[in-house]
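Each chain, written out:
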Amino acid sequence: MDKVNDVVQYILNMGATVMLPIMIFIIALVFRVKVSKALRSALTIGIGMVGINLVINLLTTNIGPAAQAMVKRFGFHLTVVDVGWPSAAAGAWGQPISSVLIPILLVTNIVLIMLKVTKTLDIDIWNYWHMVAAGSVAYIVTKSWWFSILSAILYMIFCLLIADWTAKDVQEFYGLEGISFPTGSSDAFGLLGIPISAVVARIPGIKNLNADAETIQKKFGIFGEPMMMGIIIGAVIGILAGYDVAKVLQLGINMGAVMMLMPRMVKLLMEGLMPISESAREVLQKRYGEDREIYLGMDAALSTGAPATLATGLLLVPITLFIAVILPGNRVLPFGDLATIPFYVSLIVARRKGNIVHSVITGAIVVAIALFMATDFTSVHTQMLQGIVKFPAGAAKVSSLDMGGNFLNWILLKLGEVVKSIGIV
(Lines give C-alpha, C1' and ligand atoms only; values in the text may rest on other atoms or scores of the structure.)
Protein backbone atom coordinates (compact mmCIF):
# COMPACT_ATOMS: atom_id res chain seq x y z
CA MET A 1 0.00 0.00 0.00
CA ASP A 2 2.86 2.39 0.76
CA LYS A 3 4.30 1.83 -2.71
CA VAL A 4 0.92 2.53 -4.33
CA ASN A 5 0.61 5.70 -2.28
CA ASP A 6 4.13 6.80 -3.27
CA VAL A 7 3.37 6.30 -6.97
CA VAL A 8 0.06 8.20 -6.73
CA GLN A 9 1.66 11.07 -4.80
CA TYR A 10 4.56 11.26 -7.26
CA ILE A 11 2.13 11.61 -10.17
CA LEU A 12 0.02 14.17 -8.34
CA ASN A 13 3.06 16.23 -7.36
CA MET A 14 3.82 16.78 -11.04
CA GLY A 15 0.79 19.06 -11.12
CA ALA A 16 -2.02 19.50 -13.64
CA THR A 17 0.24 21.15 -16.23
CA VAL A 18 2.25 17.92 -16.55
CA MET A 19 -0.44 15.34 -15.78
CA LEU A 20 -2.89 16.72 -18.33
CA PRO A 21 -0.53 16.58 -21.36
CA ILE A 22 0.48 13.01 -20.44
CA MET A 23 -3.17 11.94 -20.24
CA ILE A 24 -3.99 13.79 -23.47
CA PHE A 25 -1.08 12.12 -25.30
CA ILE A 26 -2.18 8.64 -24.19
CA ILE A 27 -5.82 9.29 -25.12
CA ALA A 28 -4.80 10.74 -28.48
CA LEU A 29 -2.89 7.54 -29.30
CA VAL A 30 -5.87 5.43 -28.22
CA PHE A 31 -8.02 7.36 -30.70
CA ARG A 32 -5.47 6.79 -33.49
CA VAL A 33 -4.01 10.27 -33.72
CA LYS A 34 -0.56 10.27 -35.30
CA VAL A 35 2.26 10.34 -32.75
CA SER A 36 3.64 13.70 -33.96
CA LYS A 37 0.17 15.27 -33.97
CA ALA A 38 -0.65 13.77 -30.58
CA LEU A 39 2.56 15.13 -29.10
CA ARG A 40 1.94 18.60 -30.53
CA SER A 41 -1.62 18.63 -29.19
CA ALA A 42 -0.56 17.42 -25.75
CA LEU A 43 2.20 20.02 -25.41
CA THR A 44 -0.06 22.80 -26.70
CA ILE A 45 -2.66 21.86 -24.09
CA GLY A 46 0.01 21.81 -21.37
CA ILE A 47 1.23 25.26 -22.36
CA GLY A 48 -2.34 26.52 -22.53
CA MET A 49 -2.95 25.20 -19.01
CA VAL A 50 0.20 26.98 -17.80
CA GLY A 51 -1.21 30.20 -19.25
CA ILE A 52 -4.60 29.65 -17.61
CA ASN A 53 -2.94 28.96 -14.25
CA LEU A 54 -0.89 32.15 -14.54
CA VAL A 55 -4.02 34.21 -15.13
CA ILE A 56 -5.88 32.41 -12.32
CA ASN A 57 -2.94 33.15 -10.02
CA LEU A 58 -3.20 36.82 -11.01
CA LEU A 59 -6.88 36.67 -10.05
CA THR A 60 -6.38 34.92 -6.71
CA THR A 61 -3.39 36.95 -5.55
CA ASN A 62 -5.36 40.15 -6.09
CA ILE A 63 -8.82 39.14 -4.89
CA GLY A 64 -7.56 37.38 -1.73
CA PRO A 65 -5.95 40.46 -0.13
CA ALA A 66 -8.89 42.65 -1.23
CA ALA A 67 -11.34 40.28 0.45
CA GLN A 68 -9.22 40.25 3.61
CA ALA A 69 -9.16 44.05 3.59
CA MET A 70 -12.96 44.13 3.27
CA VAL A 71 -13.29 41.79 6.25
CA LYS A 72 -11.11 44.05 8.41
CA ARG A 73 -12.69 47.26 7.18
CA PHE A 74 -16.29 46.22 7.87
CA GLY A 75 -15.46 44.27 11.03
CA PHE A 76 -16.88 40.91 9.96
CA HIS A 77 -16.69 38.46 12.87
CA LEU A 78 -17.46 34.83 12.11
CA THR A 79 -16.00 31.87 13.97
CA VAL A 80 -15.22 29.46 11.08
CA VAL A 81 -12.72 30.40 8.37
CA ASP A 82 -13.06 29.31 4.73
CA VAL A 83 -9.56 27.95 4.04
CA GLY A 84 -10.20 27.39 0.32
CA TRP A 85 -10.01 24.44 -2.03
CA PRO A 86 -6.18 23.98 -1.92
CA SER A 87 -6.37 23.15 1.78
CA ALA A 88 -9.41 20.92 1.23
CA ALA A 89 -7.54 19.07 -1.54
CA ALA A 90 -4.48 18.62 0.70
CA GLY A 91 -6.72 17.24 3.44
CA ALA A 92 -8.35 14.82 1.00
CA TRP A 93 -5.03 13.47 -0.28
CA GLY A 94 -3.77 13.13 3.29
CA GLN A 95 -6.32 10.47 4.25
CA PRO A 96 -5.37 6.74 4.26
CA ILE A 97 -8.00 5.88 1.65
CA SER A 98 -6.83 8.39 -0.96
CA SER A 99 -4.06 6.31 -2.59
CA VAL A 100 -6.39 3.55 -3.83
CA LEU A 101 -9.16 5.78 -5.11
CA ILE A 102 -7.51 7.20 -8.26
CA PRO A 103 -7.14 3.85 -10.10
CA ILE A 104 -10.59 2.77 -8.89
CA LEU A 105 -12.17 5.98 -10.22
CA LEU A 106 -10.37 5.72 -13.56
CA VAL A 107 -11.61 2.16 -14.06
CA THR A 108 -15.12 3.19 -12.98
CA ASN A 109 -15.22 5.96 -15.59
CA ILE A 110 -14.09 3.61 -18.36
CA VAL A 111 -16.65 0.96 -17.38
CA LEU A 112 -19.44 3.55 -17.33
CA ILE A 113 -18.49 4.69 -20.83
CA MET A 114 -18.45 1.10 -22.10
CA LEU A 115 -21.90 0.56 -20.56
CA LYS A 116 -23.10 3.83 -22.15
CA VAL A 117 -24.07 5.23 -18.76
CA THR A 118 -22.04 8.35 -19.51
CA LYS A 119 -20.49 10.08 -22.51
CA THR A 120 -17.85 11.89 -20.44
CA LEU A 121 -14.28 10.63 -20.19
CA ASP A 122 -12.87 12.61 -17.26
CA ILE A 123 -9.22 13.23 -18.18
CA ASP A 124 -8.78 15.98 -15.58
CA ILE A 125 -7.04 13.68 -13.08
CA TRP A 126 -6.01 16.47 -10.74
CA ASN A 127 -9.66 17.37 -10.10
CA TYR A 128 -10.33 13.81 -8.99
CA TRP A 129 -9.53 15.31 -5.61
CA HIS A 130 -13.24 16.18 -5.33
CA MET A 131 -14.14 12.49 -5.52
CA VAL A 132 -11.27 11.62 -3.18
CA ALA A 133 -12.58 14.24 -0.73
CA ALA A 134 -16.01 12.58 -0.74
CA GLY A 135 -14.35 9.24 -0.01
CA SER A 136 -12.16 10.79 2.69
CA VAL A 137 -15.15 12.39 4.41
CA ALA A 138 -16.96 9.05 4.36
CA TYR A 139 -13.89 7.38 5.91
CA ILE A 140 -13.68 10.00 8.68
CA VAL A 141 -17.38 9.58 9.52
CA THR A 142 -17.66 5.78 9.28
CA LYS A 143 -14.06 4.43 9.34
CA SER A 144 -15.29 2.02 6.65
CA TRP A 145 -13.13 1.46 3.58
CA TRP A 146 -15.93 -0.03 1.50
CA PHE A 147 -18.30 2.86 2.23
CA SER A 148 -15.51 5.35 1.52
CA ILE A 149 -14.85 3.77 -1.88
CA LEU A 150 -18.59 3.65 -2.60
CA SER A 151 -18.96 7.35 -1.73
CA ALA A 152 -16.13 8.34 -4.07
CA ILE A 153 -17.66 6.27 -6.89
CA LEU A 154 -21.12 7.77 -6.28
CA TYR A 155 -19.62 11.26 -6.37
CA MET A 156 -17.94 10.48 -9.70
CA ILE A 157 -21.18 9.12 -11.15
CA PHE A 158 -23.02 12.29 -10.09
CA CYS A 159 -20.35 14.46 -11.70
CA LEU A 160 -20.31 12.48 -14.94
CA LEU A 161 -24.10 12.59 -15.26
CA ILE A 162 -24.22 16.32 -14.52
CA ALA A 163 -21.40 16.87 -17.03
CA ASP A 164 -23.43 15.00 -19.66
CA TRP A 165 -26.56 16.98 -18.75
CA THR A 166 -24.81 20.33 -19.14
CA ALA A 167 -22.48 19.42 -22.04
CA LYS A 168 -24.67 21.13 -24.63
CA ASP A 169 -24.64 24.37 -22.61
CA VAL A 170 -20.86 24.18 -22.20
CA GLN A 171 -20.24 23.49 -25.86
CA GLU A 172 -22.65 26.09 -27.23
CA PHE A 173 -22.04 28.98 -24.82
CA TYR A 174 -18.31 28.57 -24.27
CA GLY A 175 -17.55 27.30 -27.77
CA LEU A 176 -15.84 24.20 -26.35
CA GLU A 177 -16.75 21.54 -28.89
CA GLY A 178 -16.68 17.99 -27.53
CA ILE A 179 -15.98 19.18 -23.95
CA SER A 180 -17.89 18.75 -20.69
CA PHE A 181 -17.19 19.85 -17.12
CA PRO A 182 -17.09 16.98 -14.57
CA THR A 183 -15.47 19.35 -12.03
CA GLY A 184 -16.98 18.53 -8.63
CA SER A 185 -17.59 22.05 -7.33
CA SER A 186 -19.00 23.40 -10.61
CA ASP A 187 -21.32 20.40 -10.94
CA ALA A 188 -22.61 20.66 -7.36
CA PHE A 189 -23.30 24.39 -7.68
CA GLY A 190 -24.82 23.83 -11.11
CA LEU A 191 -27.11 21.07 -9.85
CA LEU A 192 -28.62 23.54 -7.37
CA GLY A 193 -28.22 26.69 -9.44
CA ILE A 194 -29.68 25.67 -12.80
CA PRO A 195 -33.20 24.94 -11.43
CA ILE A 196 -33.02 28.08 -9.29
CA SER A 197 -31.96 30.15 -12.30
CA ALA A 198 -34.99 28.87 -14.22
CA VAL A 199 -37.22 30.28 -11.46
CA VAL A 200 -35.28 33.57 -11.34
CA ALA A 201 -35.71 33.93 -15.10
CA ARG A 202 -39.50 33.85 -14.63
CA ILE A 203 -39.78 36.48 -11.89
CA PRO A 204 -41.73 39.55 -13.14
CA GLY A 205 -39.49 42.59 -13.44
CA ILE A 206 -36.37 40.44 -13.48
CA LYS A 207 -37.10 38.08 -16.36
CA ASN A 208 -36.71 40.86 -18.93
CA LEU A 209 -33.36 42.07 -17.58
CA ASN A 210 -30.67 40.85 -19.95
CA ALA A 211 -27.14 42.06 -19.25
CA ASP A 212 -24.90 39.71 -21.19
CA ALA A 213 -21.41 40.79 -22.25
CA GLU A 214 -22.47 41.53 -25.84
CA THR A 215 -25.47 43.66 -24.81
CA ILE A 216 -23.37 45.62 -22.33
CA GLN A 217 -20.72 46.28 -24.98
CA LYS A 218 -23.32 47.50 -27.48
CA LYS A 219 -24.92 49.86 -24.97
CA PHE A 220 -21.77 51.23 -23.34
CA GLY A 221 -19.21 51.04 -26.14
CA ILE A 222 -15.63 50.86 -24.84
CA PHE A 223 -16.89 50.82 -21.24
CA GLY A 224 -18.77 47.61 -22.00
CA GLU A 225 -15.75 45.75 -23.36
CA PRO A 226 -14.53 42.81 -21.22
CA MET A 227 -11.30 44.63 -20.41
CA MET A 228 -13.17 47.71 -19.14
CA MET A 229 -15.69 45.55 -17.26
CA GLY A 230 -12.79 43.94 -15.41
CA ILE A 231 -11.20 47.30 -14.63
CA ILE A 232 -14.47 48.75 -13.33
CA ILE A 233 -15.40 45.71 -11.21
CA GLY A 234 -11.85 45.48 -9.86
CA ALA A 235 -11.87 49.17 -8.95
CA VAL A 236 -15.21 48.81 -7.13
CA ILE A 237 -13.84 45.87 -5.12
CA GLY A 238 -10.76 47.97 -4.31
CA ILE A 239 -12.94 50.85 -3.09
CA LEU A 240 -14.96 48.46 -0.90
CA ALA A 241 -11.67 47.15 0.48
CA GLY A 242 -10.71 50.69 1.47
CA TYR A 243 -7.69 50.84 -0.82
CA ASP A 244 -6.04 54.13 -1.69
CA VAL A 245 -6.22 55.48 -5.24
CA ALA A 246 -3.04 53.72 -6.38
CA LYS A 247 -4.15 50.30 -5.13
CA VAL A 248 -7.65 50.76 -6.54
CA LEU A 249 -6.17 51.47 -9.96
CA GLN A 250 -3.74 48.54 -9.68
CA LEU A 251 -6.52 46.13 -8.78
CA GLY A 252 -8.66 47.47 -11.62
CA ILE A 253 -5.90 47.03 -14.19
CA ASN A 254 -5.10 43.54 -12.96
CA MET A 255 -8.76 42.47 -13.21
CA GLY A 256 -8.93 44.01 -16.68
CA ALA A 257 -5.89 41.92 -17.59
CA VAL A 258 -7.62 38.77 -16.30
CA MET A 259 -10.69 39.51 -18.43
CA MET A 260 -8.57 40.12 -21.53
CA LEU A 261 -5.96 37.36 -21.17
CA MET A 262 -8.11 34.43 -20.07
CA PRO A 263 -10.01 33.98 -23.37
CA ARG A 264 -6.69 33.91 -25.22
CA MET A 265 -5.30 31.20 -22.95
CA VAL A 266 -8.45 29.09 -23.33
CA LYS A 267 -8.27 29.49 -27.11
CA LEU A 268 -4.69 28.19 -27.08
CA LEU A 269 -5.69 25.15 -25.03
CA MET A 270 -8.61 24.44 -27.37
CA GLU A 271 -6.25 24.44 -30.36
CA GLY A 272 -4.62 21.39 -28.82
CA LEU A 273 -7.88 19.68 -27.90
CA MET A 274 -9.69 19.98 -31.23
CA PRO A 275 -7.68 17.37 -33.22
CA ILE A 276 -8.16 14.81 -30.44
CA SER A 277 -11.86 15.56 -30.06
CA GLU A 278 -12.41 15.20 -33.81
CA SER A 279 -10.45 11.94 -34.00
CA ALA A 280 -12.31 10.49 -31.00
CA ARG A 281 -15.63 11.30 -32.63
CA GLU A 282 -14.62 9.65 -35.91
CA VAL A 283 -13.36 6.48 -34.23
CA LEU A 284 -16.46 6.09 -32.07
CA GLN A 285 -18.85 6.73 -34.93
CA LYS A 286 -17.12 4.13 -37.13
CA ARG A 287 -17.28 1.56 -34.36
CA TYR A 288 -20.63 2.30 -32.71
CA GLY A 289 -22.61 4.30 -35.27
CA GLU A 290 -23.34 7.96 -35.93
CA ASP A 291 -25.14 8.51 -32.63
CA ARG A 292 -22.18 7.47 -30.43
CA GLU A 293 -20.12 10.35 -29.11
CA ILE A 294 -17.73 11.04 -26.27
CA TYR A 295 -17.03 14.20 -24.32
CA LEU A 296 -13.59 14.98 -22.96
CA GLY A 297 -14.08 15.98 -19.32
CA MET A 298 -12.01 19.08 -18.56
CA ASP A 299 -11.51 21.55 -15.72
CA ALA A 300 -14.26 24.16 -15.43
CA ALA A 301 -11.43 26.71 -15.41
CA LEU A 302 -11.98 26.78 -19.19
CA SER A 303 -15.26 28.61 -18.53
CA THR A 304 -13.35 31.67 -17.35
CA GLY A 305 -12.59 32.41 -20.98
CA ALA A 306 -16.09 33.92 -21.12
CA PRO A 307 -16.32 37.52 -19.83
CA ALA A 308 -19.80 36.86 -18.41
CA THR A 309 -18.48 34.09 -16.14
CA LEU A 310 -15.62 36.18 -14.81
CA ALA A 311 -17.86 39.23 -14.35
CA THR A 312 -20.47 37.18 -12.47
CA GLY A 313 -17.81 35.66 -10.22
CA LEU A 314 -16.15 38.99 -9.43
CA LEU A 315 -19.48 40.69 -8.66
CA LEU A 316 -20.31 37.86 -6.26
CA VAL A 317 -17.14 38.40 -4.19
CA PRO A 318 -18.44 41.35 -2.11
CA ILE A 319 -22.00 40.00 -2.29
CA THR A 320 -20.85 36.69 -0.76
CA LEU A 321 -19.12 38.47 2.12
CA PHE A 322 -22.22 40.51 2.95
CA ILE A 323 -24.50 37.47 2.69
CA ALA A 324 -22.22 35.64 5.13
CA VAL A 325 -22.59 38.41 7.69
CA ILE A 326 -26.38 38.85 7.51
CA LEU A 327 -27.34 35.19 7.04
CA PRO A 328 -28.88 33.80 10.26
CA GLY A 329 -27.16 30.62 11.40
CA ASN A 330 -24.07 31.02 9.24
CA ARG A 331 -20.70 30.78 11.01
CA VAL A 332 -18.39 30.59 7.96
CA LEU A 333 -16.33 33.59 6.89
CA PRO A 334 -15.76 33.26 3.12
CA PHE A 335 -12.15 33.85 2.23
CA GLY A 336 -10.03 31.17 0.56
CA ASP A 337 -12.58 30.27 -2.11
CA LEU A 338 -13.74 33.76 -3.08
CA ALA A 339 -11.45 33.90 -6.12
CA THR A 340 -12.80 30.59 -7.43
CA ILE A 341 -16.46 31.66 -7.47
CA PRO A 342 -16.30 32.03 -11.29
CA PHE A 343 -15.79 28.25 -11.49
CA TYR A 344 -18.79 27.61 -9.24
CA VAL A 345 -21.17 29.64 -11.42
CA SER A 346 -19.83 28.37 -14.76
CA LEU A 347 -22.75 26.03 -15.50
CA ILE A 348 -25.29 28.57 -14.25
CA VAL A 349 -23.91 31.27 -16.56
CA ALA A 350 -23.90 28.86 -19.50
CA ARG A 351 -27.53 27.82 -18.90
CA ARG A 352 -28.56 31.49 -18.68
CA LYS A 353 -26.63 32.14 -21.90
CA GLY A 354 -24.41 34.75 -20.27
CA ASN A 355 -27.14 36.82 -18.62
CA ILE A 356 -25.10 38.40 -15.82
CA VAL A 357 -28.13 39.74 -13.90
CA HIS A 358 -29.84 36.34 -13.67
CA SER A 359 -26.53 34.61 -12.96
CA VAL A 360 -25.58 36.96 -10.11
CA ILE A 361 -29.01 36.65 -8.46
CA THR A 362 -28.90 32.86 -8.80
CA GLY A 363 -25.31 32.76 -7.60
CA ALA A 364 -26.21 34.76 -4.48
CA ILE A 365 -29.00 32.31 -3.61
CA VAL A 366 -26.76 29.28 -4.15
CA VAL A 367 -23.97 30.87 -2.08
CA ALA A 368 -26.41 31.37 0.80
CA ILE A 369 -27.34 27.68 0.67
CA ALA A 370 -23.65 26.74 0.40
CA LEU A 371 -22.82 28.72 3.54
CA PHE A 372 -25.41 26.76 5.52
CA MET A 373 -23.90 23.49 4.29
CA ALA A 374 -20.34 24.70 4.95
CA THR A 375 -21.36 25.60 8.52
CA ASP A 376 -22.86 22.13 9.03
CA PHE A 377 -19.68 20.59 7.57
CA THR A 378 -17.37 22.39 10.02
CA SER A 379 -16.56 19.59 12.47
CA VAL A 380 -15.72 16.98 9.81
CA HIS A 381 -13.87 19.53 7.66
CA THR A 382 -11.78 20.61 10.65
CA GLN A 383 -10.99 17.01 11.57
CA MET A 384 -9.97 16.24 7.99
CA LEU A 385 -7.43 19.09 7.87
CA GLN A 386 -5.96 18.81 11.38
CA GLY A 387 -2.28 17.96 11.29
CA ILE A 388 -2.17 18.34 7.49
CA VAL A 389 -2.87 22.03 6.87
CA LYS A 390 -1.80 25.00 8.98
CA PHE A 391 -4.91 26.85 10.12
CA PRO A 392 -5.13 30.65 9.73
CA ALA A 393 -4.08 32.64 12.80
CA GLY A 394 -6.81 32.59 15.44
CA ALA A 395 -8.92 29.97 13.63
CA ALA A 396 -9.83 26.89 15.68
CA LYS A 397 -12.38 25.61 13.17
CA VAL A 398 -12.34 25.67 9.38
CA SER A 399 -14.52 24.85 6.41
CA SER A 400 -14.71 25.84 2.73
CA LEU A 401 -17.20 26.74 0.03
CA ASP A 402 -15.64 24.27 -2.40
CA MET A 403 -15.90 21.16 -0.25
CA GLY A 404 -17.99 22.10 2.78
CA GLY A 405 -20.49 24.14 0.75
CA ASN A 406 -20.68 21.49 -1.94
CA PHE A 407 -24.16 19.95 -2.25
CA LEU A 408 -22.88 16.56 -3.44
CA ASN A 409 -20.40 16.34 -0.55
CA TRP A 410 -23.06 17.39 1.94
CA ILE A 411 -25.51 14.73 0.72
CA LEU A 412 -22.84 12.03 1.03
CA LEU A 413 -21.88 13.36 4.48
CA LYS A 414 -25.50 12.96 5.61
CA LEU A 415 -25.66 9.50 4.03
CA GLY A 416 -22.53 8.50 5.95
CA GLU A 417 -24.03 9.74 9.22
CA VAL A 418 -27.20 7.74 8.59
CA VAL A 419 -25.28 4.60 7.64
CA LYS A 420 -23.19 4.86 10.82
CA SER A 421 -26.18 5.61 13.05
CA ILE A 422 -28.10 2.50 11.95
CA GLY A 423 -25.03 0.31 12.32
CA ILE A 424 -24.51 -0.77 8.70
CA VAL A 425 -20.78 0.00 9.05
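Rules of the game
- Residues numbered from 1 in each chain as written.
- Predicted model: local features only at pLDDT ≥ 70, side-chain atom pairs only at ≥ 80, totals over all residues.
- Heavy atoms only, no water.
- Axes fitted to C-alpha atoms, helices over the stretch in contact; angles between N-to-C directions.
- Helix = DSSP H or I, 4+ residues; strand = E, 2+ residues; numbered from the N terminus.
- Parallel < 35°, antiparallel > 145°, perpendicular 65-115°, else oblique.
- Left-handed = near helix turned anticlockwise from the far one by under 90°.
- Contact = heavy atoms within 4.5 Å.
- Core = buried A, V, L, I, M, F, W, Y, C linked by side-chain atoms within 4.5 Å.
- Buried < 20%, exposed > 50% of the residue type's maximum accessible area, 1.4 Å probe, protein only.
- Pairing = 2+ DSSP bridges.
- Patch = residues over 30% accessible without salt bridge, like charges linked within 9 Å, V, L, I, M, F, W, Y side chains within 5 Å.
- Areas by Shrake-Rupley, 256 points an atom, 1.4 Å probe, with all protein chains shown as cover.
- Salt bridge = Lys/Arg side-chain N within 4 Å of Asp/Glu carboxyl O.

Running from N to C, helix α7 (residues 145-174) and helix α8 (residues 184-200) cross one another at 60°; their axes reach a closest spacing of 9 Å. It follows that α7 is oblique to α8 by the angle criterion. In the packing of α7 onto α8, the handedness of the crossing is left-handed. On α8, the residues that touch Y155, C159, I162, A163, W165 and T166 of α7 are G184, S185, D187, L191 and I194.

We now examine the nonpolar core. Of all hydrophobic cores here, the largest spans 132 residues; its most connected members are I52, I63, L176, I179, F181, L273 and L302. Per element, the largest residue contribution to this core is 14 residues, and it comes from helix α3 (residues 35-74). Not counting the four nearest positions on each side in its chain, I179 is found in contact with A167, V170, Q171, M270, L273, Y295, L296, M298 and L302.

The next thing to look at is the environment of T362. Secondary-structure assignment places T362 in helix α15 (residues 356-376). On the accessibility criterion, T362 (0% relative accessible area) is buried. Each C-alpha atom, one on T362 and one on A201, is 9.3 Å from the other, the two residues being 161 residues apart in sequence. Aside from chain neighbours lying at most four places away, what touches T362 is G193, I196, S197, V200 and I348.

On to the sheet that holds strand β6 (residues 397-399), then. Pairing is parallel across the open sheet formed by 3 strands, whose spatial order is β5-β1-β6. At either margin of the open sheet sits one strand with a lone partner, and together these are β5 (332-333) and β6. Relative to β6, strand β1 (residues 80-82) runs parallel, the two being bridged by 3 bridges. Paired with D82 across the bridge in β6 is S399.

A surface patch of nonpolar side chains, about 550 Å² in accessible area, is lined by W146, L150, V418, I422, I424 and V425. Within the fold, I422 resides in the segment after α17 (407-421). Residue I422 is classed as exposed on the basis of its relative accessible area of 57%.

Taken by themselves, the reported measurements are silent on function.
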